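Summary of structural features
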Amino acid sequence: MELDEALRTTFSCREWTNDPVTDEDIEAIVDLARFAPSGGNRQPARIVAVRSTKGKAMIRDAATPAARVYSAQVAVGEAPWNTINPTTVDVAGLWDADEPVDHLGYFDAAPVVLVVGVDLSVVASFDSQLDRVGVISGASIYPLVWSMLLAARGRGLAGVLTTTPSGMESDVQQALGLPPHVAVAAAVALGRPVKQITKLTRAPVSDLLRYESWAD
Ligand SMILES: Cc1cc2nc3c(=O)[nH]c(=O)nc-3n(C[C@H](O)[C@H](O)[C@H](O)COP(=O)(O)O)c2cc1C
């Protein structure tokens, strides 16, 4: 597949056939993704492939509180979990509510969930002293995660990058044997797509790009 086509058509897939994702598929995907850049070439990724019913349910349960808050914020017109504008929803109450979130069934349905950890003991987090949420640590892991999705596309597979399980990160770390300094950066639910979407909704270049300055 042409790179341009893969870049334009790698969509977020949440519905899969019953076809298995083999160890060979997973290893081929990771083999390509490992060439992604990371700060200082420190290569901080630690990936756990989860196929068991119990393991996938654990990931879904870990995602549930954050997803519940997310849905409530969307319902009142907020940009969920943003760190700039205070929320009007009862985060603590929603977090502790004992209600499932229906749409998270894709974790259970996925043939495999690839949990991607980032070893923070080797990542240079240059913005750690700034008075805002950290973003730079992610730059050493998300290129690899996106390369995994592109590599999957090249093999006729598709998935969805999720971050909601990190809301209950310590549960995921404990269940998967990841030490506390390996942050849970993403859980990628993956399989063979029921249908391939080729037209993605994205803003035009003019919305994203200015020359020399953002000010008009
Ligand atoms: C950082 C990040 C977190 C995401 N978290 C979730 C998630 O928890 N659940 C989910 O269903 N999709 C998640 N997505 C997928 C987005 O919803 C998706 O990329 C977006 O809606 C565009 O969809 P499309 O690529 O199919 O057009 C996430 C994507 C990113 C980049």
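The structure this text deals with has already been given above.
Calculation notes
- Residues numbered from 1 in each chain as written.
- Predicted model: local features only at pLDDT ≥ 70, side-chain atom pairs only at ≥ 80, totals over all residues.
- Heavy atoms only, no water.
- Helix = DSSP H or I, 4+ residues; strand = E, 2+ residues; numbered from the N terminus.
- Rg over C-alpha atoms; globule rule 2.2 N^0.38 Å.
- Buried < 20%, exposed > 50% of the residue type's maximum accessible area, 1.4 Å probe, protein only.
- Contact = heavy atoms within 4.5 Å.
- Areas by Shrake-Rupley, 256 points an atom, 1.4 Å probe, with all protein chains shown as cover.
- 1 Å grid on protein atoms, 1.4 Å probe; cavity = no way out; pocket = protein on both sides within 12 Å on 5 of 7 lines; lining within 4 Å.
- Points joined across faces, edges and corners; volume = space filled by probe spheres on them.
- Nonpolar A, V, L, I, M, F, W, Y, C, P; charged D, E, K, R; others polar.
- Axes fitted to C-alpha atoms, helices over the stretch in contact; angles between N-to-C directions.
- Parallel < 35°, antiparallel > 145°, perpendicular 65-115°, else oblique.
- Left-handed = near helix turned anticlockwise from the far one by under 90°.
- Pairing = 2+ DSSP bridges.
- Arc of directions from axis to C-beta.
- Salt bridge = Lys/Arg side-chain N within 4 Å of Asp/Glu carboxyl O.
- Near = heavy atom within 4 Å.
- Polar contact = N/O pair within 3.5 Å; in protein donor to acceptor, adjacent residues only side chain to side chain.

**Some details on the overall build of the protein chain**
Looking only at helices and strands, the protein chain features eight helices and four strands. Counting from the amino terminus, helix and strand elements in the protein chain follow one another as α-α-β-α-α-α-β-α-β-α-β-α. Relative to the compact-globule value of 17 Å for 216 residues, the protein chain shows a C-alpha radius of gyration of 18 Å, a close match. Dimensions of the protein chain along its principal axes, counting C-alpha atoms only, are 50 × 45 × 40 Å. The buried share of the protein chain, taken over its 216 residues, is 38%. Summarising the internal contacts of the protein chain: among those between residues at least 6 apart in sequence, 81% fall at separations of at least 24. In the form shown here, the protein chain has an accessible surface area of approximately 12,800 Å², with 54% of it arising from carbon and sulfur atoms.

**Notes on the layout of surface pockets**
Of the volumes computed, that of the largest pocket is approximately 950 Å³. Listed by contribution, the elements that provide at least two residues to the lining of the largest pocket are α3 (53-75), β3 (158-162) and β4 (182-191). Considering every element that reaches the lining of the largest pocket, the biggest residue donor is α3, with four residues. Here the residues of the lining of the largest pocket sort into 19 nonpolar, 11 polar and one charged. In the lining of the second largest pocket, the residues fall into four nonpolar, one polar and three charged.

**With respect to the packing of helix α2 (residues 23-33) against helix α6 (residues 142-154)**
Relative orientation of the contacting elements α2 and α6 amounts to 130 degrees, with a least axis distance of 8 Å. When the axis of α2 is compared with that of α6, the two are oblique. Of the two elements, α2 crosses α6, and the hand of that crossing is right-handed. Across from I29, L32 and A33 in α2, the residues of α6 making contact are L144, S147, M148, A151 and A152. Tallied by class, residues from the contact of α2 with α6 come to seven nonpolar, one polar and no charged.

**Description of the sheet that holds β3**
Spatial ordering of the open sheet is given by β1-β2-β4-β3, a layout of four strands whose pairing is antiparallel. Looking along the sheet, the strands with just one partner apiece sit at the ends: β1 (45-50) and β3. With strand direction ignored, the average angle separating the axes of adjacent strands in the sheet is 25 degrees. Running over the sheet, α6 touches β1, β2 (112-119), β3 and β4 and is turned about 10 degrees from β4.

**Observations regarding α2**
Of all the residues in α2, the buried ones are D25, I26, I29 and A33. Buried residues of α2, seen end-on, are gathered within an arc of 95 degrees and therefore sit on one face of the element. Of the exposed residues in α2, the ones pointing more than 90 degrees away from its buried face are E24 and E27. Contact partners of the buried residues in α2: β1, β2, α6 and β4.

**What about the pairing of β3?**
The buried count for β3 comes to four of five residues, which makes it a mostly enclosed element. When β3 meets β4, the two strands line up antiparallel, connected through five bridges. Bridged to L161 within β4 is V188.

**Remarks on the pattern of salt bridges**
One pass over the structure, following the stated rule, counts 10 salt bridges. As a salt-bridge pair, R132 and D127 come within 2.8 Å of each other at their nearest N and O atoms. Connected through salt bridges with shared partners, the residues E24, D25 and R155 form a single ionic network.

**So, the site of the ligand**
Taken together, F11, S12, R14, Y106, V160, L161, T162, T163, T164 and R202 make up the full set of residues adjacent to the ligand. The separation between a nitrogen atom of the ligand and a polar main-chain atom of L161 is 3.0 Å. Protein burial of the ligand: of its 630 Å² of free accessible surface, 58% is covered by the chains. Broken down by element, the residue count for the shell around the ligand peaks at three residues, all from β3. Taken together, the residues of the shell around the ligand sort by class into four nonpolar, four polar and two charged.

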